[in-house]
Amino acid sequence: MGNQVIGIDLGGTAIKLGRFTENGNCLQSLTVDTPQPATPEAVLSAIVDAISQIDPDNQTIAIGVGTPGPADATGRIAKVAINLVGWHDVPLADWLEAKTGKPTILANDANCAGLGEAWLGAGRNFPNLILLTLGTGVGGAIILDGKLFVGHQGAAAELGLITLNPDGPMCSSGNQGSLEQHTAISAIRRRTGKEPAELGALAQAGDAQALNFWQEYGKDLGIGITSLIYVLTPQAVIIGGGVSASFEFFLPSMQAEIEKRVLPTSRLGLQILLAELGNSAGMVGAAKLALTKIKIGE
């Protein structure tokens, strides 16, 4: 079956693992609860235990991990991890290598989701794309010439933190009026008093207020994405995350805004697509990261 790798998506409540072949076939997957409190040592122990369950015959040759926060440029250190206790400059790759003997590489979870979509999902036909994940926060990933772009310090592609409205709500990043502050789940609650799923169901039923909200939401998203298109001229913009369940309701106004604001030369052939891999995108992308690690090491 060729080289096999493990992809791990580390989250605040669950850790998802998959054993994959080089062509992306998932041979086995497993989800375990994230230990509470999620200290680095407890999480390491849970991951090592889960790896022994998913790869009992020790067939895999590398590990990729998506972490809920930035990794350093070398993919060795989890700089900070959101919703995990006591995570600051954790050398998770070193620790996992010491425990398993397998080369290990880390990346931010949104970057892993982007890699996953580029490999096996909505972006598989596009060497140049951006992914936006619309959820608790707004994450992003940039794929250029088929490769993940992380910048010289590993912190690139925080696409949700670009400025949308300089007089808008304060963002925890320190940037006032970021795209995240207008399009994340908390922003939707603030703007409507409702949950995204509720607004989606209302829109499905033809509720005028809900339909109007999604139209405004799409407009904001389109304005934010305009800046990204001008800088990166991607072939595709892929929209994922929980809020993307209402993609059909905000796509028309988002597309219209982009067409109005972006010169045709900068958006030639551009496609706006719904992510295809759902909750498995991060795990799939982490496996792709592991395969990349092997190829670099060859």
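Every residue gets a number counted from 1 within its own chain, in the order that chain's sequence is written. The model is predicted, so local features are restricted to residues of pLDDT at least 70 and side-chain atom pairs to those at 80 or more, both for listing and for counting; the totals for chains, interfaces and linings are taken over all residues. In computing side-chain properties, one takes all heavy atoms of the structure into account and sets aside hydrogens as well as water.

Caption draft 1: Here's a closer look at the overall build of the protein. Summing up its helical and strand segments, the protein has nine helices and twelve strands in all. Radius of gyration: C-alpha atoms only; globule rule: 2.2 Å multiplied by the number of residues to the exponent 0.38. Relative to its length of 298 residues, the protein is compact, with a C-alpha radius of gyration of 19 Å against a globular reference of 19 Å. Dimensions of the protein, computed from C-alpha atoms along their principal axes, come out at roughly 55 × 40 × 35 Å. Per-residue burial over the protein gives 51% buried out of 298 residues. Within the protein, contacts between residues at least 6 apart in sequence are counted, and of these 62% link residues at least 24 apart. In this tally, Asp and Glu contribute negative charge and Lys and Arg positive charge; neither His nor the terminal groups of the chain are included. Each charge is placed at NZ for Lys, CZ for Arg, CG for Asp and CD for Glu. Within the protein, the 27 negative side-chain charges are centred at a point lying 3 Å from the centre of the 19 positive side-chain charges. Here a helix means four or more residues in a row that DSSP labels H or I, a strand means two or more in a row labelled E, and each is numbered from the N terminus. Exposure is judged per residue with a 1.4 Å probe applied to protein chains only, and the accessible area is read against the type maximum: over 50% gives exposed, under 20% gives buried, and values in between give partly exposed. Here a residue-residue contact requires only that any non-hydrogen atoms of the pair lie within 4.5 Å.

Caption draft 2: Structural view of the pairing of strand 4 (residues 60-67). Among the eight residues of strand 4, seven are classified as buried, and the element is accordingly described as predominantly covered. Pairing between strands is defined by DSSP: at least two bridges between them are needed. Pairing of strand 4 with strand 7 (residues 104-108) involves five bridges; the strand directions are parallel. Residue pairing in the sheet places Ile63 in a bridge with Thr104 of strand 7.

Caption draft 3: Representation of the pattern of salt bridges within the structure. Here a salt bridge means any side-chain nitrogen of Lys or Arg lying within 4 Å of a carboxyl oxygen belonging to Asp or Glu. Applying the stated criterion to the full structure yields ten salt bridges. We note a salt bridge from Arg124 to Glu276, for which the minimum N-O separation is 2.8 Å. Of the two residues, Arg124 is situated in the loop between helix 3 (109-120) and strand 8 (129-134) and Glu276 in the loop between strand 12 (271-274) and helix 9 (281-297); the sequence distance between them amounts to 152 residues. Between Arg189 and Glu195 there is a salt bridge, with the nearest N and O atoms lying 2.7 Å from each other. Each of Arg76, Asp94 and Glu97 takes part in a single network of salt bridges with overlapping partners.

Caption draft 4: Quick look at helix 3. For helix 3, built from twelve residues, the straight-helix expectation of 16 Å at 1.5 Å per residue is met to within 8% by its first-to-last C-alpha distance of 16 Å. Extensive coverage of helix 3 is indicated by the burial of ten of its twelve residues. Of all the positions in helix 3, only Ala110, Asn111, Cys112, Ala113, Gly114, Leu115, Gly116, Glu117, Ala118 and Trp119 are classed as buried. Residues adjacent in sequence count toward polar contacts only when both atoms are side-chain atoms; beyond that, a polar contact is any pair of N or O atoms within 3.5 Å, and within protein one must be able to donate a hydrogen and the other to accept it. Of the residues that open helix 3, the one with a side-chain oxygen 2.8 Å from the backbone nitrogen of Ala110 is Asn108. What a helix is expected to span follows from its residue count: subtract one and scale by 1.5 Å.

Caption draft 5: A look at the sheet that holds strand 12. The five strands lie next to each other as 10-9-8-11-12, forming an open sheet whose pairing is mixed. Each end of this open sheet is capped by a strand with a single partner; those strands are strand 10 (147-148) and strand 12. Alignment of strand 11 (residues 236-240) against strand 12, held across four bridges, turns out to be parallel. Among the inter-strand pairings, Ile239 is bridged to a residue of strand 12, identified as Leu274.

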